[in-house]
Amino acid sequence: MKKLLFIIIFIPVVSIAQTGSLKGKVFDQSNNEAIPFANILIKGTSIGTTSDLDGNFIITGIPLGYKKVEVSFLGYQTKLSQDVLISRSKTPFIEIGLAPQESLINEVVVKADVFEKIEEAPIAMQTIGTKEIESNPGSNRDISRVIQSFPGVGSTPAFRNDVIIRGGGPSENRFFLDGIEIPVLNHFSTQGASGGPVGIINADFIQSVNFYSGSFPASKYNALSGMLDFYLKEGNKDKTNIQFSLGASETAITLDGPLGEKTSYIFSARRSYLQFLFSAIGLPFLPTFNDYQLKLKTNFNAKNQLTIISLGSYDQLKLNTGIENPDASQEYILSQIPVNNQWSYTIGGVYKHFFEKGYHTLVLSRNMLNNEFYKYPDNDETRNKSFDYLSQEIENKFRYEYNLRKSGYKYVLSSQVEYAKYNNKTRQEIYLNQNLNILDYSTDMGFFKYGISGQITKKFINNALLLSLGIKMDGNNYNKKMSNILQQSSPRFSASYSITEQYIVNAGIGRYFQLPAYTTLGFSDNYGNFVNENTADYIGANHYNLGIDFKPSEKALFSLEGFYKDYFQYPIDLKTGSSLANQGADYSSVAGATEVDFSGIGKALGFEILHRLNLTKLNILASYTYVRSVFTNLDNEWVPSSWDSRHIFSLTGTKDFNKHWRVGFKWRYVGGLPYTPYDLQTSSIITAWDANGQPYYDYSQLNSERFKDFHQLDVRIDKNFFFKKWSLMLYFDVQNAYNFQNQGQDYVIREKNPDGTYKTTNNGTNYVLKTLPNYSGTVLPTIGIIIKL
């Protein structure tokens with residue numbers, strides 16, 4: 001720590017303030033043609049240039065740090081880029097696409113919009129830039145935590161990255177990297193959902209993220225609540241760059257540079273060191289994660305380009321059974337958490353061919369998840385496993401898109417076909433109806449999925465009114481019910497009207513469908529029969545969104561949005577009577593692996609208030625969400641979902657100071673979430689406890705209790721140093737700065753005799769259980785170091 005303080009204090013004395021440079025290209029985003037003589041300006045300065053005949057430009061003498069680039073040209077909409085880091089040692093390259101601007105009857109002043117949204121989704125959509133990701137306090141450059149600053153996004157007090165959007169569960173979201181779908185967003189991901197403790201995507205790759213909480217474009221699919229559409233950086237065109245980083249949980253190396261004249265690359269590899277830290281402080285589980293990420297882009301010529309994306313992960317979670325005299329929390333976790341080994345990968349290519357008014361896109365990809373769980377009763381490997389699970393999910397996908405701009409209209413047509421394969425081998429002890437049952441089955445399932453979509457967008461009334469109409473239809477051959485794409489027809493419509501330059505009214509309505517998880521479709525009985533085959537259906541939701549934006553200046557935004565989601569055909573667990581909407585945020589479970597009934601309905605409704613202020617050296621993001629989320633149980637009774645937080649508030653601010661210092665904070669408040677009490681009588685039965693390793697829930701009181709509200713303050717300090725041949729970025733991040741103690745559901749453990757054996761009653765048929773308060777929360781400081789060469 002003394003050495004670090006010495007570096008922070010001493011280096012400013014020897015470093016000299018300098019400037020950096022930026023290279024880039026301006027092109028027509030509809031056909032990839034270069035735009036010569038475009039005006040390029042570093043936002044907030046008078047530094048700029050114009051593009052040459054090939055659309056290329058170079059700007060020198062730029063002050064160091066994050067900068068935005070404003071580009072304008074007659075006949076095109078003025079564009080403001082995402083933040084670009086300017087340094088002395090590296091000249092970044094940025095490509096900026098301009099959208100054609102329809103001729104106007106009246107002369108208007110066209111301004112760049114820092115809060116720009118895409119035409120197909122003028123409501124329920126936010127753009128997140130690289131600076132917001134890099135500097136978000138308490139997030140450690142993890143996008144799943146960064147979005148918790150935005151409206152509609154819930155969170156849990158646990159150290160997890162569950163993506164909970166507008167009262168929907170963590171299984172209701174989809175993620176795309178440069179047009180390629182990635183099914184796994186987090187390490188140690190909960191199969192059938194999206195959550196996990198640490199994100200897989202390296203923030204070094206991310207240029208920007210389009211975050212949708214509704215009104216999805218028709219070309220996106222298979223989601224009910226949210227989408228994250230990532231746009232990745234490209235490798236340097238001139239030289240190889242190397243970056244080393246040490247973060248809160250991992251070390252990483254990133255390389256980028258040219259591969260010949262037409263190809264660039266960016267590659268990273270990361271490995272965690274959590275297992276050493278957790279072992280040193282006596283935590284009962286020891287996670288290790290590894291991942292890689294790759295992007296290759298080749299511009300064959302002005303009309304043809306190919307992008308290859310790949311990422312993968314390898315995760316291992318072991319139990320720290322060597323703890324002597326474990327306390328109540330350690331004993332509870334050791335008794336219920338299984339060993340978990342998981343790996344995944346995605347690889348795909350995106351080929352684009354441009355023509356005069358548009359382009360064709362071909363996307364071919366493959367992804368796979370291999371997931372293993374096993375658990376010995378009391379972690380005694382001399383006994384039979386109470387849970388032994390191994391499964392694989394494999395998808396091979398092909399998608400075609402056709403984009404065309406003509407006479408002021410934008411057309412997007414697409415079609416896709418996928419082959420999905422799911423393998424599963426499960427042996428599990430289940431205590432049900434006062435009996436111990438053995439679930440023992442193998443699954444080998446494969447089926448095709450297919451779909452088509454179309455969307456048309458047009459501006460009217462001197463560009464004041466924007467209308468977008470789309471439709472998506474999906475089907476598969478898993479069963480006859482889902483094979484007809486007309487049954488899964490999902491129309492959508494959105495509109496945006498500029499009352500004045502400052503006030504904009506936005507609206508959206510649509511129907512969306514999502515295929516049930518493979519864990520549900522592939523769930524079998526002991527004879528190998530798919531128990532949900534005849535009843536399985538797509539889960540549906542109708543979205544209704546209405547909002548208004550107020551922009552008092554180009555740097556400030558106030559918005560108010562109301563939303564209503566009407567769910568139907570939601571699966572209900574026949575064993576517990578609970579909607580599967582409540583599942584997906586548990587380390588030790590596989591979401592959806594049960595026999596279900598597809599008669600469930602639900603609704604999530606509320607409103608959001610957002611304020612964003614983007615000044616040169618000050619950024620403020622404040623959001624409040626009121627949300628109610630309820631679903632029916634098997635008795636058709638309305639029950640609050642596990643995500644019914646009611647009130648969500650987040651305030652995030654960052655301030656840049658001289659000499660490249662930055663200070664930030666984030667304060668989050670989340671209303672208490674519902675939970676289900678334990679059935680202690682059933683839990684005490686020895687055969688029941690040994691099968692599960694933890695207490696059983698009393699589903700007759702599903703989500704009848706509610707936790708206390710949760711709040712947390714995170715702070716962060718950044719200091720950047722820019723040298724001639726390298727750059728050094730340091731940050732000090734503190735999560736839970738005022739040490740808020742969150743009260744969770746009580747620990748339930750078995751009482752012991754003096755000799756270490758467990759106490760029993762009723763002639764040795766029941767354990768003696770005791771409950772202990774469960775408080776969590778600690779001040780978590782982190783030092784991060786990033787070296788760019």
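Placed above this text is the structure.
A. The arrangement of the overall build of the protein chain in detail. Looking only at helices and strands, the protein chain has eight helices and 47 strands in total. Taken against the 2.2 N^0.38 rule, which gives 28 Å for 789 residues, the C-alpha radius of gyration of the protein chain at 27 Å falls within 12% of a compact globule. Counting every position in the protein chain, which comprises 789 residues, the buried fraction comes to 57%. Per element, the accessible surface of the protein chain, about 32,400 Å² overall, is 57% carbon and sulfur. Charge centroids of the protein chain, computed over 76 positive and 74 negative side chains, lie 8 Å from each other.

B. Structural view of empty space enclosed by the protein. Considering all chains together, one arrives at 14 cavities of 30 Å³ or more under this definition. Taken as a whole, the largest cavity holds about 540 Å³ of empty space. Lining the largest cavity are 37 residues; nearest its centre among them are Ser-171, Arg-174, Gly-192, Ala-193 and Ala-517. Listing elements by their share of the lining of the largest cavity, those giving two or more residues are strand 13 (173-177), strand 25 (358-375), strand 26 (387-406), helix 6 (518-521) and strand 33 (556-573).

C. Highlighting the sheet that holds strand 13. The strand order across the open sheet formed by five strands is 10-17-18-13-14, and the pairing between neighbours is mixed. Bordering the open sheet on either side are strand 10 (125-129) and strand 14 (180-181), each of which pairs with just one other strand. Note that strand 13 and strand 18 (residues 226-232) share five bridges and pair parallel. Bridge pairing in strand 18 links Leu-177 to Phe-230.

D. Representation of the sheet that holds strand 1 (residues 19-28). Taken together, three strands build an open sheet; the order of strands is 4-1-9 and the sheet is mixed. The open sheet has two edge strands with one neighbour each: strand 4 (56-63) and strand 9 (93-98). Going from strand to strand, the sheet's axes swing by 30° on average, the running direction of each strand aside. Both strand 1 and strand 4 contribute to a ladder of six bridges, which runs antiparallel. When the sheet's bridge partners are listed, Leu-22 is paired in strand 4 with Ile-59.

E. Highlighting the pattern of salt bridges. Scanning the model with the defined rule gives 41 salt bridges in all. Two residues, Asp-204 and Arg-141, come together in a salt bridge whose shortest N-O distance is 2.2 Å. Placement of Asp-204 in the loop between strand 16 (198-199) and strand 17 (206-212) and of Arg-141 in the loop between helix 2 (130-135) and helix 3 (143-146) is noted, with a sequence separation of 63 residues between them. According to the relative accessible area criterion, Asp-204 is buried, its value standing at 6%. Looking at Arg-141, the relative accessible area reads 11%, which means it is buried. What you see here is one network of salt bridges that share partners, running through Arg-174, Glu-181, Glu-395, Lys-397, Glu-418 and Lys-449.

F. Examining the nonpolar core more closely. Ranked by size, the top nonpolar core spans 37 residues in total, and within it Phe-447 and Tyr-570 carry the most contacts. Those elements giving two or more residues to this core turn out to be strand 26, strand 27 (409-432), strand 28 (435-460), strand 31 (503-514), helix 6, strand 32 (539-553), strand 33 and strand 34 (596-614). Phe-447 has contacts with Glu-418, Tyr-419, Ala-420, Asn-476, Asn-477, Tyr-478, Leu-515, Tyr-518 and Leu-521, leaving out every residue within four places of it along the chain.

G. Region of interest: helix 5 (residues 328-336). For helix 5, the tally of buried residues reaches eight of nine residues, placing the bulk of the element in the interior. Looking at the buried side of helix 5, the elements it contacts are strand 22 (285-301), strand 23 (304-319), strand 25, helix 8 (686-692), strand 43 (742-750) and strand 46 (769-776).

H. Summary view of the side chain of Asp-229. With respect to the secondary-structure elements, Asp-229 resides in strand 18. Side chain to side chain, Asp-229 and Lys-220 meet in a polar contact 3.3 Å long. A polar side-chain atom of Asp-229 sits 3.4 Å from a polar atom in the side chain of Tyr-231. When residues no more than four places from it in sequence are discounted, the contact partners of Asp-229 are Phe-176, Ser-208, Val-209, Asn-210, Tyr-212 and Lys-220.

I. Quick look at a nonpolar patch on the surface. Together, Phe-460, Ile-461, Tyr-497, Ile-499, Tyr-503, Ile-548, Leu-560, Phe-607 and Ile-609 make up an exposed nonpolar region whose accessible area comes to about 770 Å². For Ile-461, a relative accessible area of 54% puts it in the exposed group.

J. Region of interest: the environment of Pro-63. Residue position: Pro-63 is located in strand 4. Considered as a pair, Pro-63 and Ser-641 are 578 residues apart in the sequence and their alpha carbons are 50 Å apart. Excluding its chain neighbours within four sequence positions, the residues that come into contact with Pro-63 are Thr-19, Ile-47 and Ile-86.

K. View of the environment of Ser-641. Tracing the sequence through the fold places Ser-641 in the loop between strand 36 (638-640) and strand 37 (646-657). Setting aside residues up to four positions removed in sequence, Ser-641 forms contacts with Gly-167, Asn-582, Ser-629, Val-630, Phe-631, Pro-674 and Asn-703.

L. Looking closely at the pairing of strand 13. The element strand 13 is largely enclosed, with a buried count of five among its five residues. Alternating residues of strand 13 divide into Asn-173, Phe-175 and Leu-177 and Arg-174 and Phe-176, and every residue in both groups is buried. Pairing of strand 13 with strand 14 involves two bridges; the strand directions are antiparallel. Each bridged residue has a counterpart across the sheet, and for Leu-177 the counterpart in strand 14 is Ile-180. Hairpin connection from strand 13 to strand 14: two residues lie between these consecutive antiparallel strands, with Asp-178 at a positive phi of about 45°.

M. Geometry of the packing of aromatic side chains. Counted according to the given criterion, the structure contains 38 aromatic pairs. Measuring from ring centre to ring centre gives 6.2 Å for Phe-373 and Tyr-389, while their planes differ by 55°; the resulting arrangement is tilted. Placement of Phe-373 in strand 25 and of Tyr-389 in strand 26 is noted, with a sequence separation of 16 residues between them. Like Phe-373, the residue Tyr-389 is buried in the burial classification. Ring geometry for Tyr-675 against Phe-707: centres 4.1 Å apart, planes inclined by 20°, an arrangement best described as stacked. Of this pair, Tyr-675 sits in strand 39 (residues 674-675) while Phe-707 is found in the loop between strand 40 (705-706) and strand 41 (710-722), placing the two residues 32 residues apart along the sequence. Here a set of aromatic residues connected by ring pairs shows up, and it is made of Tyr-422, Phe-447, Tyr-478, Tyr-518 and Phe-530. It is Lys-458 that lies over the ring of Phe-460; its NZ or CZ is 4.8 Å from the centre. Just above the ring of Tyr-767 sits the side chain of Arg-750; from NZ or CZ to the centre is 5.0 Å.

Procedures and definitions
- Residues numbered from 1 in each chain as written.
- Predicted model: local features only at pLDDT ≥ 70, side-chain atom pairs only at ≥ 80, totals over all residues.
- Heavy atoms only, no water.
- Helix = DSSP H or I, 4+ residues; strand = E, 2+ residues; numbered from the N terminus.
- Rg over C-alpha atoms; globule rule 2.2 N^0.38 Å.
- Buried < 20%, exposed > 50% of the residue type's maximum accessible area, 1.4 Å probe, protein only.
- Areas by Shrake-Rupley, 256 points an atom, 1.4 Å probe, with all protein chains shown as cover.
- Lys, Arg positive; Asp, Glu negative; His and termini not counted.
- Charge placed at Lys NZ, Arg CZ, Asp CG, Glu CD.
- 1 Å grid on protein atoms, 1.4 Å probe; cavity = no way out; pocket = protein on both sides within 12 Å on 5 of 7 lines; lining within 4 Å.
- Points joined across faces, edges and corners; volume = space filled by probe spheres on them.
- Pairing = 2+ DSSP bridges.
- Axes fitted to C-alpha atoms, helices over the stretch in contact; angles between N-to-C directions.
- Salt bridge = Lys/Arg side-chain N within 4 Å of Asp/Glu carboxyl O.
- Core = buried A, V, L, I, M, F, W, Y, C linked by side-chain atoms within 4.5 Å.
- Contact = heavy atoms within 4.5 Å.
- Polar contact = N/O pair within 3.5 Å; in protein donor to acceptor, adjacent residues only side chain to side chain.
- Patch = residues over 30% accessible without salt bridge, like charges linked within 9 Å, V, L, I, M, F, W, Y side chains within 5 Å.
- Phe/Tyr/Trp six-rings, centres within 6.5 Å; stacked < 30°, edge-to-face > 60°.
- Lys NZ or Arg CZ within 6 Å of the ring centre and 35° of its normal.

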